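These are the residues of each chain, in order.
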Amino acid sequence: MTNQTTESAPKATERPVLLEKHGDVRSDPFFWMKERENPEVLSYLEAENVWYNEKMRRVDPLREEIYQELRSRVNEDESVEPFRINDFYYYSRYEAGKEYPIHARKRTLDGAEEIILDVNELADGLSYCDVWEPVLSPDHSKIAYAMDTVGRRFYTIHVKDLSTGKLVGEPLTETTGNVEWANDNKTLFFTKQNPETLRTQWLFKHSLNSLEPTLVFEEVDNTFGVWLSKTLSGRFLMLKSDSTLSSEVRFLDADKPQGTFTVFHPREQDHEYSIDDGGDCFFVHSNWNAKNFRLFRAQQRTTTKADWSEVVPHNPDILIEFMEVFKNHLVLTQRNNGLRNLQIIHRKSGATENITFPDPTYLVDTVYNCVFDSDTLRYEYQSLNQPRTIFDYNFTTGQSVVRKVYHVPNLDPESYASERIWATASDGAQIPVSLVYKKGFRCDGSAALFQYAYGSYGFSMDARFKANVMSLLDRGFVFAMAHIRGGADMGRLWYENGKLMQKKNTFTDFIDVTEFLLREKFAHPKRVYAEGISAGGLLMGAVVNMRPDLYRGVHATVPFVDVLTTMLDDTIPLTTAEYDEWGNPNQQDFYHY
């Protein structure tokens with residue numbers, strides 16, 4: 001049913017289907033192609049691949065050259081800086097010539113290595129293998145790991161006895177991979193998704209001594225999904241039900257796996273919150289009457305918000321993104337003027353300190369903090385021109401010490417420079433833009449530009465180091481990351497002004513950034529390229545239709561571009577959970593927008 005020759009691109013058969021809603025009739029000639037298992041659909045995709053490969057054959061030598069160049073920057077025997085939990089130092093490492101990590105531990109840093117899971121062995125002979133990082137039992141005698149060998153994100157959970165190296169109990173199939181241990185070292189809690197909608201819908205409990213898992217909780221609201229975690233203190237299991245604009249947390253004493261999860265605070269529209277255990281209380285991260293969130297303390301015997309006491313008040317200029325609770329300290333990941341910082345709060349005195357960073361645009365994140373009663377905070381730092389570096393911050397001295405700088409072979413980071421500038425949107429909004437280029441770059445309107453953005457779900461895009469981008473910079477490109485509305489780069493209001501009936505701001509912001517960079521001579525008008533992924537692919541679909549004259553090429557990666565038809569089909573995975581992001585087209589005003 002398709003043209004299989006390589007002279008012209010394959011053309012799919014048109015079979016118009018009339019779709020009617022709110023008195024409006026649309027004709028979709030390719031509606032039949034949603035049938036992913038239809039042999040005719042697969043045949044068409046195969047024909048596209050044949051045609052593409054034929055047309056691209058002329059650049060095969062260049063592709064191979066660039067592939068080898070990118071590969072030369074991969075440190076094949078890289079390892080994660082060890083982190084201590086109880087009597088062991090844990091880490092992951094890679095070996096040259098092997099694709100997958102080896103998870104290991106030592107009693108002392110210079111002691112003998114014990115491999116707890118070699119993913120290369122699991123992947124041997126498989127065409128696809130994805131394994132989550134193993135989850136330790138509280139007594140460190142066993143691990144649970146989740147493995148997907150198909151690529152559909154349905155994972156099988158296995159338990160391995162570290163003393164014998166053998167698997168124990170029955171494998172848990174068709175799970176999300178999200179698993180935690182109770183403190184008895186034999187009971188696992190894990191989540192499962194609906195096989196049709198892919199919504200994470202159920203929480204199960206399984207004892208290694210039993211054959212069948214037991215259903216613990218079902219999330220019946222189809223706009224919510226669930227996620228399981230364990231507090232850093234190790235005292236509680238947390239089950240969070242989340243939608244786009246609302247959340248509800250249940251907690252269970254991890255010493256009592258036969259108990260019942262207790263609702264911390266009932267869900268409310270437009271109230272998002274999360275909780276963590278502070279040992280003598282709970283801490284609550286909440287947007288209750290606080291667009292940019294604030295922090296509360298709650299007693300463990302009475303948890304409704306009427307009994308919460310405020311610890312950190314709301315600040316309209318600072319978004320509190322995350323909290324990390326230690327026995328003696330709180331760590332807040334905050335965003336101010338588009339950039340992250342880490343605020344340390346000493347729980348006893350209330351004194352605060354901020355960890356500051358040198359680059360004009362960067363990414364910072366807390367990582368591998370596994371001990372509740374710790375005197376250090378581990379965090380990672382990187383920027384567009386500086387590779388990932390691991391630091392330990394000492395809570396007592398206030399000093400950060402470098403623990404590891406990730407080496408990128410065949411690359412001199414000092415050859416590149418980054419900066420952050422501000423572009424003015426058509427409505428006057430100031431949009432931050434992160435730039436990186438090779439030193440010696442001349443801003444004379446002759447360079448090529450590669451512009452990237454996402455702009456949805458309140459996900460902020462930080463200036464992460466990307467070794468592959470350096471191949472563009474070496475060829476004279478400027479790389480620009482546009483922090484457009486729809487993300488929360490400038491706070492929660494930045495997100496709200498780029499969603500629902502304000503979604504077009506996301507698209508016009510991207511275009512406005514491009515035009516600004518051209519006016520400021522960062523690039524030549526005929527050498528502009530753009531990329532977006534998933535919801536960022538939707539962004540690409542919009543801008544290439546709104547302003548095709550601006551872009552020489554566009555990379556729309558797994559693009560979500562058929563928004564209206566998709567959002568009208570509640571059998572498609574994740575659709576119902578997306579109404580608060582895109583709008584529900586079953587309502588007439590959203591349909592027409």
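The following paragraphs examine the structure supplied in this document. These numbers were taken from a predicted model, which means no experiment stands behind them.

### Regarding the overall build of the protein chain
Within the protein chain, the regular secondary structure consists of 10 helices and 37 strands. Over its C-alpha trace the protein chain gives a radius of gyration of 26 Å, about what one expects of a compact globule, namely 25 Å for 593 residues. Projected onto the principal axes, the alpha-carbon positions of the protein chain cover approximately 65 × 55 × 55 Å. Taking all 593 residues of the protein chain together, the buried fraction comes to 50%. Of the contacts made within the protein chain by residues no fewer than 6 positions apart, 47% connect residues no fewer than 24 positions apart. Accessible area of the protein chain: about 28,400 Å², with a carbon and sulfur share of 50%.

### Section: the environment of aspartate 589
Note that aspartate 589 resides in helix H10 (residues 588–592). Sequence separation between aspartate 589 and alanine 144 is 445 residues; the distance between their C-alpha atoms is 48 Å.

### Concerning helix H7 (residues 535–546)
Taking 1.5 Å of rise per residue, 12 residues should cover 16 Å, and H7 covers 17 Å from first to last C-alpha, within 8% of that figure. At its buried positions, H7 is contacted by helix H6 (504–519), strand S36 (528–533), strand S37 (553–557), helix H8 (563–567) and helix H9 (579–582).

### Structural notes on the pairing of strand S15 (residues 214–218)
Note: strand S14 (residues 200–207) against S15, 4 bridges, orientation antiparallel. Residue pairing for S15: tryptophan 202 is matched across the bridge by glutamate 218.

### Side note on the sheet that holds strand S20 (residues 273–277)
Two strands in a sheet stick together by hydrogen bonds in their backbones, pointing the same way (parallel) or opposite ways (antiparallel). In space, the 4 strands of this open sheet follow the order S20-S21-S22-S23, with antiparallel pairing throughout. The strands lining the two open edges of the sheet, one partner per strand, are S20 and strand S23 (309–312). Ignoring which end each strand starts from, the neighbouring axes of this sheet average 30° apart.

### Some words on the packing of aromatic side chains
Taken as a whole and judged by the stated rule, the model has 33 aromatic pairs. Ring geometry for tyrosine 362 against tyrosine 381: centres 5.5 Å apart, planes inclined by 40°, an arrangement best described as tilted. Residue tyrosine 362 is located in the loop between strand S27 (352–355) and strand S28 (363–366), and its partner tyrosine 381 is located in strand S29 (residues 376–383); the two are separated by 19 residues in the primary sequence. Tyrosine 381 matches tyrosine 362 in its accessibility class, with the two residues each being buried. Aromatic side chains tyrosine 457 and tryptophan 582 sit 5.7 Å apart centroid to centroid with 90° between the ring planes, which places their arrangement in the edge-to-face category.

### What about the nonpolar core?
Counting 42 residues, the largest nonpolar core has Leu435, Phe510, Leu517, Leu539, Val543 and Tyr551 as its most contacted members. Secondary-structure elements contributing two or more residues to this core are strand S32 (416–424), strand S33 (430–438), strand S35 (477–482), H6, S36, H7, H8 and H9. Looking at which element gives the most residues to this core, the answer is H6, with 7 residues. Those residues in contact with valine 543 that lie beyond four places of it in its chain are Phe507, Phe510, Ile511, Pro548 and Tyr551. In this structure, Met323, Val325, Ile344 and Tyr381 belong to the second largest nonpolar core, which totals 31 residues.

What counts and what doesn't
Residues numbered from 1 in each chain as written. Predicted model: local features only at pLDDT ≥ 70, side-chain atom pairs only at ≥ 80, totals over all residues. Heavy atoms only, no water. Helix = DSSP H or I, 4+ residues; strand = E, 2+ residues; numbered from the N terminus. Rg over C-alpha atoms; globule rule 2.2 N^0.38 Å. Buried < 20%, exposed > 50% of the residue type's maximum accessible area, 1.4 Å probe, protein only. Contact = heavy atoms within 4.5 Å. Areas by Shrake-Rupley, 256 points an atom, 1.4 Å probe, with all protein chains shown as cover. Expected span 1.5 Å × (residues − 1). Pairing = 2+ DSSP bridges. Axes fitted to C-alpha atoms, helices over the stretch in contact; angles between N-to-C directions. Phe/Tyr/Trp six-rings, centres within 6.5 Å; stacked < 30°, edge-to-face > 60°. Core = buried A, V, L, I, M, F, W, Y, C linked by side-chain atoms within 4.5 Å.

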